[in-house]
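# Observations on the model geometry
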Amino acid sequence: MFRKILFPVSLLYGLGAIFRRFIYETGLRKKKTLPKKVISVGNLSVGGSGKTPITIEIASYLKSKSIKPVVLSRGYKRKSKEDYVVCSEVKDWEKCGDEPYLMTLKGIEVVVGKNRYKNGLLYLDKADVFILDDGYQHFQLERDLNILVIDATKPFWKDSLIPVGNLREPKSFYRFADCFIITRTEFLQKQEDFFKKLKTYKKPFFVAESQFEGVLDNSWKLHSIDFLKGKKVVVFAGLGNNQQFFKTVENLSTAYGFLIEKKISFPDHYHYEDFTPDKRKLYLTTEKDLVKLKNYDNIYALSYRLNLPKEFYEFMEGKLWRTKTL
């Protein structure tokens, strides 16, 4: 019944999304073009799908090839009012936003601001490649590679438009992607069914594999996951998909022999202004959340990366430079 009430709103939202893209895709409004290569990493839905770790992984790969990447981010929920902020200069997660600041801690240059074209022009001398963080709906700017990230546990073909579901654009807009990157396949019970459906969209796709590196303390020092063995932990997160993080920690608790005492779920990008951890307890959260809670020495973050197959990088290099020169 509730879905039926929201359906007209969802329909109107979808028409608005179609119109917004239509005026750019048909040339009624001209797209901007930066004089450097541009990669966009995004998805069709709201909430977490792994865009930030994918962006970090691609930027790190480019750096390993002596190519300078600069991430252009809108800086979602940042508190600063400036037109643009260079995160490595301000070193403040509140001015940058939690995810851009996390990328900075990973050694990646990030510029946040609403006008990504203008910010890109300001940073031309320091970039060989620009990466649009959460850029699938930022179609005002041309890109050389358009990546659609798909959470295997919540694929777009099983979702609906906001507010009935979580889609920001109609399902058919997958067609604007050059390729798919698939995350969280390890949580699928029927992988064969998922990949059978995925292949019907006739897009190149690449599976990202999670690699757990350890746990980080508040000084950003990495410890082995064995550090948690025999301990009781309170697990919390403020992600777009907290349940998936909790499930990951549950699996690790079995593998590494620690006990989950409690799980606490916060909204995505939560600021933790009213959160006071118990000094007698040990807490485990995400890297994105830890950057906002660095004053507590009893809070640790699970550190992990999403590894991309070499076939993806071959595909990326082909799209950007039309030849494998890296």
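Please read all numbers here as calculations on a predicted model, not as lab measurements.

What follows deals with the pattern of salt bridges. This model, assessed by the stated rule, comprises 18 salt bridges. Its salt-bridge partner being Arg21, residue Glu25 comes within 3.4 Å of it at the nearest N-O pair. Here Glu25 and its partner Arg21 are both found in helix 1 (residues 2–25), four residues apart, which amounts to about one turn of the helix. Glu25 sits in the partly exposed class, given a relative accessible area of 34%. The network of salt bridges with shared partners includes Arg21, Glu25, Lys31 and Glu169.

A few words on the nonpolar core. Within the largest apolar cluster, 48 residues are counted, with the highest numbers of intra-cluster contacts made by Ile39, Ile54, Ile58, Ile147, Phe312 and Met316. Counting residues per element, this core draws most heavily on helix 2 (residues 51–64), which supplies six residues. Setting aside residues no more than four positions away along its own chain, Ile54 makes contact with Val41, Val149, Ile181, Thr183, Ala208, Leu306 and Leu308. Phe156, Ala177, Leu198 and Tyr201 belong to the second-largest nonpolar core, a separate cluster that totals 19 residues.

Its 15 residues place the ends of helix 8 (residues 242–256) 21 Å apart at the C-alpha level, agreeing with the 21 Å of an ideal helix rising 1.5 Å per residue. The complete set of buried residues in helix 8 reads Asn242, Gln244, Phe245, Phe246, Thr248, Val249, Leu252 and Ser253. In this structure, the buried residues of helix 8 make contact with strand 9 (209–216), strand 11 (232–237), strand 12 (259–265), strand 13 (282–286) and strand 14 (299–307). With its phi angle positive at about 75°, Gly257 sits one or two positions after the end of helix 8.

Take the packing of aromatic side chains next. Per the counting criterion, the structure on display carries 29 aromatic pairs. Ring geometry for Phe236 and Tyr272: centres 5.6 Å apart, planes at 70°, overall edge-to-face. Residue Phe236 is located in strand 11, and its partner Tyr272 is located in the loop between strand 12 and strand 13; the two are separated by 36 residues in the primary sequence. Owing to a relative accessible area of 0%, Phe236 belongs among the buried residues under this scheme. The class for Tyr272 is buried, based on a relative accessible area of 4%. By way of ring pairs, the aromatic residues Phe156, Trp157, Tyr174, Phe180, Phe194, Phe195, Tyr201 and Phe205 are connected into one cluster.

Across the interface, helix 2 lies against helix 10 (residues 310–321) with an axial gap of 12 Å and an inter-helix angle of 70°. With respect to each other, helix 2 and helix 10 are oriented roughly perpendicular. The segment helix 2 lies against helix 10, with Glu57, Ile58, Tyr61 and Leu62 engaging Phe312, Tyr313, Met316, Glu317 and Trp321. Looking at the contact of helix 2 with helix 10 residue by residue, the class counts come to seven nonpolar, no polar and two charged.

Now for the confidence of the model for the protein chain. This prediction gives the protein chain a mean pLDDT of 92; 98% of its residues lie at or above 70. Summarising per-element confidence for the protein chain, the mean pLDDT is lowest in helix 1 (83) and highest in strand 8 (residues 205–207) (98).

So, about the sheet that holds strand 10 (residues 222–223). The strand order across the open sheet built from six strands is 10-9-14-13-11-12, with neighbouring strands paired in mixed fashion. Edge strands, defined here as strands with exactly one partner in the open sheet, are strand 10 and strand 12. Sheet analysis places strand 11 next to strand 13, joined by three bridges and oriented parallel. Considered in strand 13, the bridge of Val234 is made with Tyr283.

A large share of strand 5 (residues 129–133) lies buried, amounting to five of its five residues. The side-chain alternation of strand 5 yields two buried faces, one formed by Val129, Ile131 and Asp133 and the other by Phe130 and Leu132. Of the strand pairs in this sheet, strand 2 (residues 69–73) and strand 5 are connected by four bridges, and their pairing is parallel. If you follow Leu72 over to strand 5, its bridge partner there is Leu132.

Quick look at the side chain of Arg116 now. Relative to the helices and strands, Arg116 is located in helix 6 (residues 116–122). Put simply, Arg116 is tucked away with no salt bridge, and the nearest opposite charge, on Asp134, sits 6.0 Å away. A polar contact of 3.2 Å, which involves the side chain of Arg116, links it to the backbone oxygen of Leu72. Those residues in contact with Arg116 that lie beyond four places of it in its chain are Leu72, Ser73, Arg74, Leu132, Asp133, Asp134, Gly135, His138 and Leu141.

What follows is about the pairing of strand 4 (residues 109–112). Here strand 2 pairs with strand 4 via four bridges, running parallel. Bridge pairing in strand 4 places Val71 opposite Val110.

All right, on to helix 10 then. For helix 10, which comprises 12 residues, the first-to-last C-alpha distance of 16 Å matches the rise-based estimate of 16 Å (1.5 Å per residue) to within 8%. Those residues of helix 10 lying buried are Phe312, Tyr313, Met316, Glu317 and Leu320. Seen end-on, helix 10 carries its buried residues on one side only, within an arc spanning 130°. Looking at the buried side of helix 10, the elements it contacts are strand 1 (37–42), helix 2, strand 6 (145–151), strand 7 (179–183) and strand 8. Where helix 10 ends, the next residue or the one after it, Arg322, has phi of about 65°, a positive value.

Reading guide: rules and limits
- Residues numbered from 1 in each chain as written.
- Predicted model: local features only at pLDDT ≥ 70, side-chain atom pairs only at ≥ 80, totals over all residues.
- Heavy atoms only, no water.
- Salt bridge = Lys/Arg side-chain N within 4 Å of Asp/Glu carboxyl O.
- Helix = DSSP H or I, 4+ residues; strand = E, 2+ residues; numbered from the N terminus.
- Buried < 20%, exposed > 50% of the residue type's maximum accessible area, 1.4 Å probe, protein only.
- Core = buried A, V, L, I, M, F, W, Y, C linked by side-chain atoms within 4.5 Å.
- Contact = heavy atoms within 4.5 Å.
- Expected span 1.5 Å × (residues − 1).
- Phe/Tyr/Trp six-rings, centres within 6.5 Å; stacked < 30°, edge-to-face > 60°.
- Axes fitted to C-alpha atoms, helices over the stretch in contact; angles between N-to-C directions.
- Parallel < 35°, antiparallel > 145°, perpendicular 65-115°, else oblique.
- Nonpolar A, V, L, I, M, F, W, Y, C, P; charged D, E, K, R; others polar.
- pLDDT = per-residue confidence, 0-100.
- Pairing = 2+ DSSP bridges.
- Lys, Arg positive; Asp, Glu negative; His and termini not counted.
- Polar contact = N/O pair within 3.5 Å; in protein donor to acceptor, adjacent residues only side chain to side chain.
- Arc of directions from axis to C-beta.

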